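One letter stands for each residue in the lines below.
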Amino acid sequence: LSPGEPENDGLQALMLLQHSRSDARIDGNGQLVTLEEQDRSRWHASMIEEGLRLLEAALRKNQVGVYQVQAAIAALHAEATTASATDWSQIAALYVELMKLSPSPVMALNHAVAVAMSDGIEQGLKLIEAAGTPGNLDKYYLFHSARADLLRRLKRFNEARSSYQRALDLTENQVERNYVARRLSECEQLSSADT
């Protein structure tokens, strides 16, 4: 309906870049594998190449929109050869731009996670707390799961347990429930070991 519209290419690029990781998201036992732990050799290089090509073409038109920025974030993940090579500072900066185009509590949460990975867990946790302060993310399980993950990384296991439990209560997808339950169990064991 609108040929030549850069957001069309941006959306297609986003879909290709996200789908390129689909085979690595679940392990052989049906368990969730986080982006950080995925086997990147299982990502589809041809989808990544096509997504990057479409994104570059869209960005050249100088009419940046939400899908193009989201695709740029996905591209930074796709281009990183290892989890530790991910350019989290650039991802955090792109989330700032995305929040200007489409502000939402979920975008603020995603920005907070990127900040945690680039500028430090404590700084990211402060931003997560701020994103959830009005209570608008209280029923969003990924808010509680992300908060729990940062607390776990800070070795604040009792607080992490509470957030994982809240995430588990809100999660309906069985694969995601299994992952959250596994993390909750780990925190319970680590919390017991500390006492």
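Since the structure is predicted, the reported quantities are computational estimates derived from the model, not experimental observations.

**Focus on the overall build of the protein**
Line of reasoning, step 1. Across its full length, the protein holds nine helices and zero strands.
Line of reasoning, step 2. Here the protein has a C-alpha radius of gyration of 18 Å; the compact-globule value for 195 residues is 16 Å, and the two agree.
Line of reasoning, step 3. When its C-alpha atoms are laid out on the principal axes, the protein stretches across 60 × 40 × 30 Å.
Line of reasoning, step 4. A burial count over the protein gives 41% of its 195 residues as buried.
Line of reasoning, step 5. A fraction of 55% describes how many contacts in the protein between residues 6 or more apart in sequence connect residues 24 or more apart.
Line of reasoning, step 6. For the protein, the exposed surface amounts to about 10,400 Å²; the carbon and sulfur share of it is 51%.

**Quick notes on helix 2 (residues 45-59)**
Line of reasoning, step 1. The end-to-end C-alpha separation of helix 2 is 21 Å, in line with the 21 Å expected for 15 residues at 1.5 Å each.
Line of reasoning, step 2. Residues Ile48, Gly51, Leu52, Leu54, Leu55, Ala57 and Ala58 constitute the buried set of helix 2.
Line of reasoning, step 3. Buried-residue contacts for helix 2 involve helix 1 (6-19) and helix 3 (66-79).

**Some words on a nonpolar patch on the surface**
Line of reasoning, step 1. Residues Leu11, Met15 and Tyr67 make up a contiguous nonpolar surface patch of about 270 Å² in total accessible area.
Line of reasoning, step 2. Structurally, tyrosine 67 can be placed in helix 3.
Line of reasoning, step 3. Note on tyrosine 67: relative accessible area 35%, which makes it partly exposed.

**A look at the packing of helix 4 (residues 88-101) against helix 5 (residues 105-119)**
Line of reasoning, step 1. Two elements in contact, helix 4 and helix 5, have axes separated by 8 Å at closest approach and are oriented at 160 degrees. With respect to each other, helix 4 and helix 5 are oriented roughly antiparallel. Once helix 4 is placed against helix 5, the crossing between them reads as left-handed. Taking contact as the criterion, the partners of Trp88, Ser89, Ile91, Ala92, Tyr95, Val96, Leu98 and Met99 in helix 4 are, on helix 5, Met107, Ala108, Asn110, His111, Ala114, Val115, Met117 and Ser118.
Line of reasoning, step 2. Split into classes, the residues belonging to the contact of helix 4 with helix 5 amount to 12 nonpolar, four polar and no charged.

**Observations concerning the pattern of salt bridges**
Line of reasoning, step 1. Under the criterion given, the structure shown has 10 salt bridges.
Line of reasoning, step 2. For the salt bridge of lysine 100 with glutamate 97, the shortest nitrogen-to-oxygen distance reads 3.1 Å. One end of the pair, lysine 100, and the other, glutamate 97, are both in helix 4, three residues apart, so they sit about a helical turn from each other.
Line of reasoning, step 3. The exposure class of glutamate 97 is partly exposed, given its relative accessible area of 38%.
Line of reasoning, step 4. For arginine 147, the salt bridge is made with glutamate 129, and the minimal N-O distance between the two is 2.9 Å. Of this pair, arginine 147 sits in helix 7 (residues 141-153) while glutamate 129 sits in helix 6 (residues 121-132); the two residues are 18 residues apart in sequence, bridging distant segments of the chain.
Line of reasoning, step 5. Judged by relative accessible area, arginine 147 falls into the buried class, the value being 17%.
Line of reasoning, step 6. Each of Glu36, Asp149, Arg152 and Arg153 takes part in one network of salt bridges that share partners.

How each quantity is defined
- Residues numbered from 1 in each chain as written.
- Predicted model: local features only at pLDDT ≥ 70, side-chain atom pairs only at ≥ 80, totals over all residues.
- Heavy atoms only, no water.
- Helix = DSSP H or I, 4+ residues; strand = E, 2+ residues; numbered from the N terminus.
- Rg over C-alpha atoms; globule rule 2.2 N^0.38 Å.
- Buried < 20%, exposed > 50% of the residue type's maximum accessible area, 1.4 Å probe, protein only.
- Contact = heavy atoms within 4.5 Å.
- Areas by Shrake-Rupley, 256 points an atom, 1.4 Å probe, with all protein chains shown as cover.
- Expected span 1.5 Å × (residues − 1).
- Patch = residues over 30% accessible without salt bridge, like charges linked within 9 Å, V, L, I, M, F, W, Y side chains within 5 Å.
- Salt bridge = Lys/Arg side-chain N within 4 Å of Asp/Glu carboxyl O.
- Axes fitted to C-alpha atoms, helices over the stretch in contact; angles between N-to-C directions.
- Parallel < 35°, antiparallel > 145°, perpendicular 65-115°, else oblique.
- Left-handed = near helix turned anticlockwise from the far one by under 90°.
- Nonpolar A, V, L, I, M, F, W, Y, C, P; charged D, E, K, R; others polar.

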